[in-house]
Every structure is written in C-alpha cells, then in structure tokens.
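# Report on the structure
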Amino acid sequence: MAQKSFRQALNEALNHEMRRDPNVIVLGEDVAGGSGASGQKDAWGGAFGVTKGLLGAYGPARVRDTPISESAFVGAAAGAAMTGLRPVVEIMFVDFLGVCFDQIFNQAAKFRYMFGGKAVTPLVIRATYGAGTRSASQHSQALYPIFTHVPGLKVVIPSSPYDAKGLLIQAIRDNDPVIFLENKVLYDTVGEVPDGAYTVPFGEAHIVREGGDATIVAIGRMVHFAREAAETLAAEGIDCTVLDPRTTSPLDEDTIIEMTEETGRVVIVDEANPRCGMAADISSIIAENAFGALKAPIMKVTAPHTPVPYAPNLEAAYIPDAKRIADAVRKAVAFQRS
Amino acid sequence: MTGLQLSREQLLKAYRLMRMIRVFEDRVSAEMASGDIPGNTHLYAGQEASAVGICLHLRESDRIASTHRGHGHCIAKGCDVDGMMAEIFGKETGICRGKGGSMHIADLSKGMLGANGIVGGAPPIACGAALTSQILGRNDVSVAFTGDGGINQGTTAESMNLAQVWKLPVIFAVEDNGFGEATASSFVVAGEITKRAEALGMAFAKVDGVDFFAVHEAAGEAVERARRGEGPTLLHIETPRYYGHFSGDPDNYRTAEEKAAMRRDRDCLVRFRRRVDEAKLLGSDELDKVDAEVQAAIDHAVKAARAAAQPALSTLTTDVYVRY
Ligand SMILES: Cc1ncc(C[n+]2csc(CCOP(=O)(O)OP(=O)(O)O)c2C)c(N)n1
C-alpha cells in the first residue's frame, strides 16, 4: 500500500467524492486561493494546501472562495445541505467557528430533530485544531468537546492518514452535519493509504495496540503520544491497550467499557481543556458502566484549564505528552487499595 | 497642500513612527526567516501611513482595536517596541509576558486594546470603548482597524449600524490592501466599501493610504466629528501590503512585477520624504538621522529580546481568572 501524508489522504477523499457525486461542493476562505489573481490557479488550495487541485478539476462553481463571513457561508452551507447539495466547508482554524456558532448549534444541528425527522443536513465542516504551532490562544484550541456536547452534530477526529481518508469519505456521504477536525501538526505525517475510495464507520473505536495491564484512551494527535508511551512502558513490562475513539460523537462506549473490563486500569488523554472535556465525559461513562472492573482510579491527562499560551516553553508544557501519559499509567499500575 | 501645516515636530514624529514600523517589520521578517521567532507573523510594511496618519490625532486615553496585522497599529499608538519585540520572541519581558505573541499584542495603558486573531473581532470592541467614553463623558474616541476582508464580517456590519444609531465616537478604519490572505478582494467584496457607510447615513471618506497627508487629514476630520459627539466615520484606506499574508506565505498569487511595482511606486516613506522636501519642511539629513536612530532602537530591541529569559513555567496557569 502506498505511503501518503495526512494532507494527501484528505485531498484524495475530497477528489473521490467530488468525482463521484456532482452535488459535493467545497466552500471556504482561500480554498481556490489566489485563483484569479494575476496568472494564478490554485495558488493555495486552502491555508494548509488540502484543497489543492480541486479548482482545476471541478471548476469555480463547485470550489468556491468565500468572503470572510463565516456566519453567512457556514449558514449557507447548512441551507444548501438541507436542499440537496453536500457542502464541505473548510474553516482554517476551529477557533473561527466561534464566529458562527448560531448557524451550527441552533440551525444545522437542529434541523432534523426540530422538523420531526424530515430534514437531512449532509454538511461537513472541516477545521484544524490543536496546539503546537506557536499560534497562541485564538488559533490553537481543541474545541471538540463543545461540538460533542451538541446533539445532532457528529464529531470526527482522525489520528492517522488512513483514518483521515476513510472518515472524510464517510463524513461526506453521511446525512448529518459533521464537524471534522484535523490536527494541523499531523498534516505531514505519513501512513499507508489505499488508492481507492473506502469508508471508516463512525462510532467504532480503533484498537491501535493491545495489552492487558492498562487501557489508554487517546484522541487525535494524542494517539501518537499514547503509542509512544505504550512502547516505553512495554520495555518496563507494562502492557497497554491504546484505544482511539476516532469519533467523539457518536462515541464507541461499548469498546471503551470492554477494554476497561479487560485491563481494569484506564488513562484518558485529551488535548482539550479539562472541564467538561472528553476525558471527563469518558471517565464518567467508565465509572458508571465498569466501576466493578476498575483496579485503580481513572486517570486523566489533559491540557491545563488555561487558554493556549504563545511562548514555546509554555506551549510545550501545555500539551499532554508521552511522559505524562506514561507517568499516569505507572501510577495506575502502582495503585493499591488501602 | 493638505496637511503640510503640521509642525516640524509633528512631521518628525510622523516620519519616525512610520520608519519605526518599517524597520520593525523588515527586521521581524528577517528574524522569522532565520527561524528565531516562533509561530507566525503578519507584517504591516507598506501600510505605515494609515496607522500613523490616524494615530497621530489620538491621545493616550483614546483607544484602538486592531487586527492580526497589528504591529504597526501598536507602534503608532505608542506601545514600547522593546516589549513588542520581546513578545514576538515569546519572552518573559514581552509586553504580554510571552502569552500572546504577535497576534495578541496589547497595552491597555496606551489605549491599545489588542491585535486580534479573529477577523472581525475588533469593531465590536472599539464600539464598546466608544460607549465607555460616551457614557462616562470622556470625549475619547476609538478606532476599529479592519481589512477589506474584515469588512465582510457580520460583526463589522453590525458594529457600524450600532455605532451609527448610538452615535458612538468611533472610526472604522478599513485598510484595503486588495487581498484577504491569497484571495483578491475583487472576488469577495461586493460594491463600494464606502457605500456601506453611506447606506447607514454614516460619514465616510476614501483615501490614498500611501499618502500620509491624505490619511492624516481625513482622520483628523473623523476624530473631530467623533469628539463633537456627531458619531462614527468610515475611512476606506487603499494601501499596499509589501509582504505575503503571513511570514511563510510564498505570495505566489501576485506576480514579481506587481510586487516590484508596488514597492517602487507605492511607498509611503518615499512619498513623505518627497513631499516634505519639495515643501522645504524637513531636510534629508534630519530624516537620515531619524533613520539611524530608529535602526539603533530596533537593533537594541532585538538584542534585548534575544537575551531575555523565557517565561517561568509557573505562569502557564496564571492570568486565567482575577485572583483576590
Ligand atoms: C473569523 C476569522 N476567519 C478567518 C481568519 C483567517 N484569516 C486571518 S487574516 C485573514 C485575511 C484578512 O484579510 P483582511 O481583513 O483584508 O486583512 P489583511 O490580511 O489584508 O490585512 C483571514 C481570512 C481569521 N483569523 N478569523
């Protein structure tokens, strides 16, 4: 199988679906990017180059640069989705969705329910998330818990190029509004990705690695640190399962509970802020459903309850890392009931 | 000739601030290229006459709210360049203690309410500052800087309406460099920007942002109108952006010729020097001396920023809430 970058995997997913279905359109700032500026075509392909080549292949009617008016174009995409198109909106940084929460929370997410099940909203909103690029407080958040909180939205956070492609194709074919979050630090990471179209279903966690001593549940970029921690721990004789939920809504509660029951120790790794975050949520699901299997308290490894700082040393301390994860597992393994 | 009634002292101050912005930005660009500055910056070089032409009318108690391209606004409003440079380097001595970086530089004591990572973030904030001034009877004005891209944000449209119905002492300074990132405004801005003000019954002016004197004069009228309690003004300022959108932008959506022509024909500093020279107001030697002083100040700022310590790790969790 070919090795491809996360970015390329996403680009292939968009290409497959645009080719297959003429109703799929792409909207966003700079997605055509500079097309029309003197002598240029596809100069950017979006701020991170994910939509490069789409304008040339599918034309300006289906690949549209938008004004910097998120409420208008995200809302328009929701309206287009409920009337027959399948828009894929690109938002450079998930933080900017703050501008258009109404259109997402009160409009797109609610159509199906409020209208008695009569509406479908096949809308995908792609955005980058996450710290690690020295972009400070307004360009670094991991806001997936906020979207996960809202019923009606599906929330997808791929950790590998393979999942990125399969989950994005699934998202585009899905009939609900999907918030699809890409960690910008992962764009250049590579992995095996088939050439053809395939889907990865929502709500099915990926068991990245199996081990009987503890379960590490990790989201998005944190999966990489969890795997690194698991390797370090394996050398010490502690065998971990690493579980990647891949979608936080729907969330594969069954697999999380099952793995908890197998290992009895759980560490949850979440780049988001801790209060009302995914780690807290998953922890409560485990406590409620697998309390009897726990051999140690559930451990959470998250960012602190602060905005993301700019200074490199502070930002590095902000992001959970393999060391903190390994320490949490060791603590869980060493735990003794008094 | 408009604006040439400025005193020698004011002219020198205007030139010094514009030169300071230019040298600051060129230096940040060089330091970015050498990899010594973390993250990303959006450089203001080329647009100096706008920030300075406006801010020269402002007192310290007047407020400005800025954009992601905020360094020039900060300098024009009197922020300390050493503190700004240290902030961009992510150091403890930074004006925001290394927590904000290039896109969030602020100094409330100077009336600088912050650069802003969110396009359209500034206009509501500037309206709020204007409301404070109006309600507390302070006669201060505030300026919302925004780009031609930011004019399309709902917050900007809503703020303009709010400012007009409440007659807020606020100025909407739209710095139109023809692009929002890589997308030319012709693809995303409908109609004439000034017409948006006209539709609201708001005063407006369109100005050549390469001409410091034109900006200064239009801004002067807007500031006076605001201080008289006659409400907001929109200034549509056409200005070149010398660098790419951000520091790593290959800027390949404009041709090399376009960029060269822009630097050659649309340089507010060159234009300023020519004007004061023709009017025999300031001599070249005086201006060259300013250039040298500014260069030394920026050298100092970079040296100090490099030498400064990183923020203490304990500060990661401070400043979230007010502590009592
Ligand atoms: C709400 C929001 N949407 C998108 C962006 C990404 N972005 C940053 S700057 C920029 C272009 C702004 O253009 P303009 O207002 O004309 O200012 P200029 O960069 O030309 O100075 C964009 C789209 C953002 N920061 N915030």
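Before reading further, recall that the structure is shown in the block above.
In this report, the structure presented in the accompanying data block is examined.

Looking now at the overall build of chain B. Along its length, chain B carries eleven helices and seven strands. Relative to the globule expectation of 20 Å for 324 residues, the C-alpha radius of gyration of chain B, 19 Å, shows essentially globular dimensions. Principal axes of the C-alpha set define a box for chain B whose edges measure 55 × 50 × 40 Å. Looking at chain B as a whole, 58% of its 324 residues qualify as buried. Intrachain contacts of chain B at a sequence separation of at least 6 include 73% that bridge at least 24 residues. Accessible area for chain B stands at about 12,700 Å²; split by element, carbon and sulfur atoms hold 53% of it. Looking at charge distribution, chain B has the averaged site of its 37 positive side-chain charges lying 2 Å from that of its 43 negative ones.

With that settled, consider the nonpolar core. One finds Phe24, Val52, Ile54, Met85, Phe212 and Phe272 of chain B to be the most contacted residues of the largest nonpolar core, which totals 72 residues. Considering every element that reaches this core, the biggest residue donor is helix 1 (residues 8-33) of chain B, with twelve residues. Beyond its immediate chain neighbours, meaning those up to four positions away, phenylalanine 212 of chain B contacts Leu6, Ala14, Met18, Ala49, Val52, Gly53, Leu56 and Phe272 of chain B. Formed by 55 residues, the second largest nonpolar core is a distinct cluster that contains Ile25, Met92, Tyr144 and Val155 of chain A.

Residue and element names in this part refer to chain A. Counted residue by residue, strand 11 (residues 240-244) has five buried out of five residues, so it is predominantly covered. Residues Cys240, Val242 and Asp244 point to one face of strand 11 and Thr241 and Leu243 to the other, with burial holding for every one of them. Sheet topology note: the strand 9 (residues 206-209)/strand 11 ladder contains three bridges and is antiparallel. Bridge pairing in strand 11 links histidine 206 to aspartate 244. By the bridge criterion, four bridges tie strand 10 (residues 214-218) to strand 11 in an arrangement that is parallel. Looking at the pairing, alanine 214 lines up with cysteine 240 of strand 11. The handedness of the strand 10 to strand 11 crossover, carried by helix 8 (residues 222-235), is right-handed.

This next bit is on the state of the cysteines. Overall, the coordinates contain zero disulfides over all chains when judged by the stated rule. There is no disulfide at cysteine 96 of chain B, and the cysteine sulfur nearest it, in cysteine 74 of chain B, is 8.3 Å away.

As a further point, take the layout of surface pockets. Its boundaries defined by the atoms lining it, the second largest pocket holds a volume of some 400 Å³. Taken together, 17 residues line the second largest pocket, and the ones lying closest to its centre are Ser137 and Pro307 of chain A together with Lys99, Gly100 and Asp319 of chain B. Looking at side-chain class alone, the lining of the second largest pocket contains eight nonpolar, six polar and three charged residues.

To continue, consider a negative patch on the surface. Residues and elements named next belong to chain A. On the surface, a cluster of negative charge is made up of Glu210, Glu253, Asp254, Glu258, Glu261, Glu262, Asp281 and Glu288. Within the residue set of the negative patch, elements represented by two or more residues are helix 9 (253-263) and helix 10 (278-289). The residue glutamate 288 is located in helix 10 in this model.

Next up on the list: helix 4 (residues 81-88) of chain B. Residues and elements named next belong to chain B. Among the eight residues in helix 4, seven count as buried, and that is most of the element. Taken together, the buried residues of helix 4 touch helix 1, helix 3 (71-76) and helix 11 (284-307). Just downstream of helix 4 lies glycine 90, where phi reads positive at about 75°.

Calculation notes
Residues numbered from 1 in each chain as written. Chains lettered and ligands numbered in written order. Predicted model: local features only at pLDDT ≥ 70, side-chain atom pairs only at ≥ 80, totals over all residues. Heavy atoms only, no water. Helix = DSSP H or I, 4+ residues; strand = E, 2+ residues; numbered from the N terminus. Rg over C-alpha atoms; globule rule 2.2 N^0.38 Å. Buried < 20%, exposed > 50% of the residue type's maximum accessible area, 1.4 Å probe, protein only. Contact = heavy atoms within 4.5 Å. Areas by Shrake-Rupley, 256 points an atom, 1.4 Å probe, with all protein chains shown as cover. Lys, Arg positive; Asp, Glu negative; His and termini not counted. Charge placed at Lys NZ, Arg CZ, Asp CG, Glu CD. Core = buried A, V, L, I, M, F, W, Y, C linked by side-chain atoms within 4.5 Å. Pairing = 2+ DSSP bridges. Right-handed = clockwise from strand over helix to strand, strands pointing away. Disulfide = S-S within 2.5 Å. 1 Å grid on protein atoms, 1.4 Å probe; cavity = no way out; pocket = protein on both sides within 12 Å on 5 of 7 lines; lining within 4 Å. Points joined across faces, edges and corners; volume = space filled by probe spheres on them. Nonpolar A, V, L, I, M, F, W, Y, C, P; charged D, E, K, R; others polar. Patch = residues over 30% accessible without salt bridge, like charges linked within 9 Å, V, L, I, M, F, W, Y side chains within 5 Å. Salt bridge = Lys/Arg side-chain N within 4 Å of Asp/Glu carboxyl O.

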